[in-house]
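# Overview (structure and organization)
Below, each chain spelled out in residue letters.
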Amino acid sequence: MSETAAAPEKKAVRKTRVGVVVSDKMTKTIVVEVERRVPHPQFKKIVRKTSKFYAHDEQEQAKEGDKVLIAETRPLSKLKRWELVEVQKH
């Protein structure tokens, strides 16, 4: 008996992020800005850091200013590696 055949396959856990749509001008693509609050390495003050993610929006349902949930996916283009899961707040 083979050990690999008996072991169940593990599905990778996809990362998720919540952010605000800052641009919806592209076709089927939104730009989501995600804010993190992290302590400064030396001074320990909490500082805000932001990152922008390009996400795929198939139905073009998210509009600028919406709070959205995005999940990691396979590379869809040069910059797009995320997809829209749901619009949380209009």
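Check the entry above for the structure.
Keep in mind that what you see is a predicted model, and the values were worked out from it rather than measured.

### Points about the nonpolar core
Counting residues in each nonpolar core, the largest one holds 11 residues, listed as Val21, Ile30, Val32, Val34, Phe53, Ala55, Ala62, Val68, Ile70, Trp82 and Leu84. Those elements that provide at least two residues to this core are strand 2 (29–39), strand 3 (46–56), strand 4 (67–72) and strand 5 (82–89). Apart from the residues lying within four places of it in its own chain, the contact partners of Ala62 are Val21, Asp24, Ile30, Asp57, Val68, Leu84 and Val87.

### Examining the sheet that holds strand 3
Reading around the circumference, 1-2-3-5-4 is the order of the five strands in this closed barrel, with mixed pairing throughout. The mean inter-strand angle of the sheet, taken between neighbouring strand axes irrespective of direction, is 45°. Relative to strand 2, strand 1 (residues 16–23) is paired through three bridges, and the arrangement is antiparallel. If you follow Val20 over to strand 2, its bridge partner there is Glu33.

### What to know about the environment of Phe53
With respect to the element layout, Phe53 can be found in strand 3. For Phe53, a relative accessible area of 18% puts it in the buried group. Along the primary structure Phe53 and Val21 are separated by 32 residues, whereas in three dimensions their C-alpha atoms are 9.5 Å apart.

### Regarding the pattern of salt bridges
Note that side chains of opposite charge can pair when their charged atoms are close. Under the counting rule described, the total for this entry stands at three salt bridges. When the shortest N-O distance is used, the salt bridge between Arg14 and Glu83 registers 2.7 Å. Placement of the pair is Arg14 in the loop between helix 1 (3–6) and strand 1 and Glu83 in strand 5, with a sequence separation of 69 residues. By relative accessible area, Arg14 is classed as partly exposed at 43%.

So, how was this worked out
Residues numbered from 1 in each chain as written. Predicted model: local features only at pLDDT ≥ 70, side-chain atom pairs only at ≥ 80, totals over all residues. Heavy atoms only, no water. Core = buried A, V, L, I, M, F, W, Y, C linked by side-chain atoms within 4.5 Å. Buried < 20%, exposed > 50% of the residue type's maximum accessible area, 1.4 Å probe, protein only. Helix = DSSP H or I, 4+ residues; strand = E, 2+ residues; numbered from the N terminus. Contact = heavy atoms within 4.5 Å. Pairing = 2+ DSSP bridges. Axes fitted to C-alpha atoms, helices over the stretch in contact; angles between N-to-C directions. Salt bridge = Lys/Arg side-chain N within 4 Å of Asp/Glu carboxyl O.

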